[in-house]
Amino acid sequence: MAFEEVLKAVFPLLDGADLASCMAVSKQWRDIASDDYLWKCLCSNRWPSMCKRPNPPSVTYYKLYQTFCRRQHRRTLLPPRISFDDLEFFIDIWAETTLLFSEVVPGSVLQPGFKIPPSGVCDLLKFHLEGSEYKMTLPVEPRFTIPAGQNQNVSVSVMVGRKDSNKVARIINKSMFDYIDRSSYRALAFDYLDISPVYPFLSGIRAWISLLFMEDGNEEVIDVFGIQMDFCDVANSKEEVLWLLDMLDWK
Amino acid sequence: MTQLDRLSVYHWLNAWCIKPVGGALVRQEPEYILLALMGSPLKKIMLCSSEKEIFSVEEQVMVQHSVIINNMIEDGSYNHEESKIPLDCVDSKTLKKVIDYCTHHTHHHNDNQEDLEAWDAQFLNVDSNGLYDLLMAANYLEIRNLLDLIYGTIKNMIKGKKIDEIRRIFNIKDHGFTPEEEEQNRKEYPHFY
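Residues numbered from 1 in each chain as written. Chains lettered and ligands numbered in written order. Predicted model: local features only at pLDDT ≥ 70, side-chain atom pairs only at ≥ 80, totals over all residues. Heavy atoms only, no water.

Some remarks on the overall build of chain B
Point 1. Check the secondary structure of chain B and you find 10 helices and three strands.
Point 2. Reading the secondary structure of chain B in the N-to-C direction produces α-α-β-β-α-α-β-α-α-α-α-α-α.
Point 3. Counting every position in chain B, which comprises 193 residues, the buried fraction comes to 38%.
Point 4. Residue pairs in contact within chain B that sit at least 24 positions apart in sequence constitute 54% of those at least 6 positions apart.
Point 5. Counting every atom, chain B has about 11600 Å² of accessible surface; 51% of that belongs to carbon and sulfur. (Helix = DSSP H or I, 4+ residues; strand = E, 2+ residues; numbered from the N terminus. Buried < 20%, exposed > 50% of the residue type's maximum accessible area, 1.4 Å probe, protein only. Contact = heavy atoms within 4.5 Å. Areas by Shrake-Rupley, 256 points an atom, 1.4 Å probe, with all protein chains shown as cover.)

A closer look at the pattern of salt bridges
Residue and element names in this part refer to chain A.
Point 1. By the definition in use, this model includes 14 salt bridges over all chains.
Point 2. Residue R162 pairs with D164 through a salt bridge whose shortest N-O separation is 2.8 Å.
Point 3. Classification of R162 as buried rests on a relative accessible area of 11%.
Point 4. Given a relative accessible area of 49%, D164 falls into the partly exposed group.
Point 5. With a shortest N-O distance of 3.4 Å, D194 and R170 are connected by a salt bridge. In this pair, D194 is assigned in the loop between β7 (186-192) and β8 (206-213) and R170 in strand β5 (residues 167-176), connecting sequence segments 24 residues apart. (Salt bridge = Lys/Arg side-chain N within 4 Å of Asp/Glu carboxyl O.)

Quick notes on the sheet that holds strand β1 (residues 44-48) of chain B
Backbone hydrogen bonds are what pair the strands of a sheet, in a parallel or an antiparallel way.
All names here are of chain B.
Point 1. Taking strand neighbours across the sheet as the criterion, the three strands line up as β2-β1-β3 in an open arrangement whose pairing is mixed. Sheet topology places β2 (54-58) and β3 (85-86) at the edges, where each strand pairs with a single neighbour.
Point 2. In the sheet, β1 pairs with β3 via two bridges, with the strands oriented parallel. Pairing of C48 across the sheet is with P86, part of β3. (Pairing = 2+ DSSP bridges.)

What to know about helix α7 (residues 238-246) of chain A
Point 1. For α7 of chain A, the set of buried residues is V241, L242, W243, L244, L245 and D246 of chain A.
Point 2. Of the surrounding elements, those touching the buried residues of α7 of chain A are β1 (87-95), β3 (136-147), β4 (154-162) and β5 of chain A.

Set out below in structure tokens:
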């Protein structure tokens, strides 16, 4: 009795994980362990209904078992279909009716954080800027200031255009900077994203935009040195952000 | 007496046979009692190993366990007066162990499951060459319960082990995969290495 026959007698006694190990032990073991009949037996224990047809539901019972019985690995994102080089952001910031900031920002200019924050930035904000969540940041040169009396009514609109299809999508319609975090010197506004109808059931994903300002004694004036945008509800890496942008309702 | 079923008489006597007492080997083998009562010994058969060593063993013991030997006795090809059964593919050491297994299981078939399993585990406490030889012998002689026992043991040698361990246990020096294939294996089964 060749050793092969021993394996042929022992393999039917193994469970799925052990038989899968055998597939990688050696070429000889793999040849014997890949007999689909063995996997059919395992499948019929796990999912008896799937073995009632003469043919396996997927190409082989081995594939069926491996696909659905494996431990859940973290799902890896496919590479995004666009890059920041394909995008440009149209950002407009008003105080009442006065335009404070209006720029077309190429995607490549937005970085995930300040390399060197200007002096005068509070420590908490510095800490936040170095944080691990992915935020797109734009240094504002020259800095603009918001007069105190009007900082209740600062609003922002952000649109984005893509070069590959010459379409435009909206990120933020017209939102007020309702929330001012004085401890970290940020003013925040948000809006809900319009996702393309190709991806139904997705709603409630927000785009956040923050104005970063300097820590100076003057409470009257807000001295903005940077603008930050993020989608921290769902997207926390460059790839995730690019995917999310790709999924917007481009028109 | 000749009309009685020898095997059932044997078992009856076995149940009554005197066990060792206080270390003294006072033991009456059932066949000697039977000898005393009947004047004829229980049938023995001769098995001949590949090394030409002869082993005498009770016919009933081997007939119970080995399909091959059972067939030989039944179809009359074995002549008790002169024949021995040549087992050219089983060496003496292995044959002795096989006889040991069959004898124990016949004599102790009334023992409880745990004790039998413990004995089996001890019995199989051999190196992998010995295990392989036993497997070949059990296959040749068609001893189903010994075969199943050994298959179960091999299964346990694989169960729950990492791939490197399996290769070591089964002495697989060359797995036969190309470096690319081996890398693919590691990616596909990372938790098995």
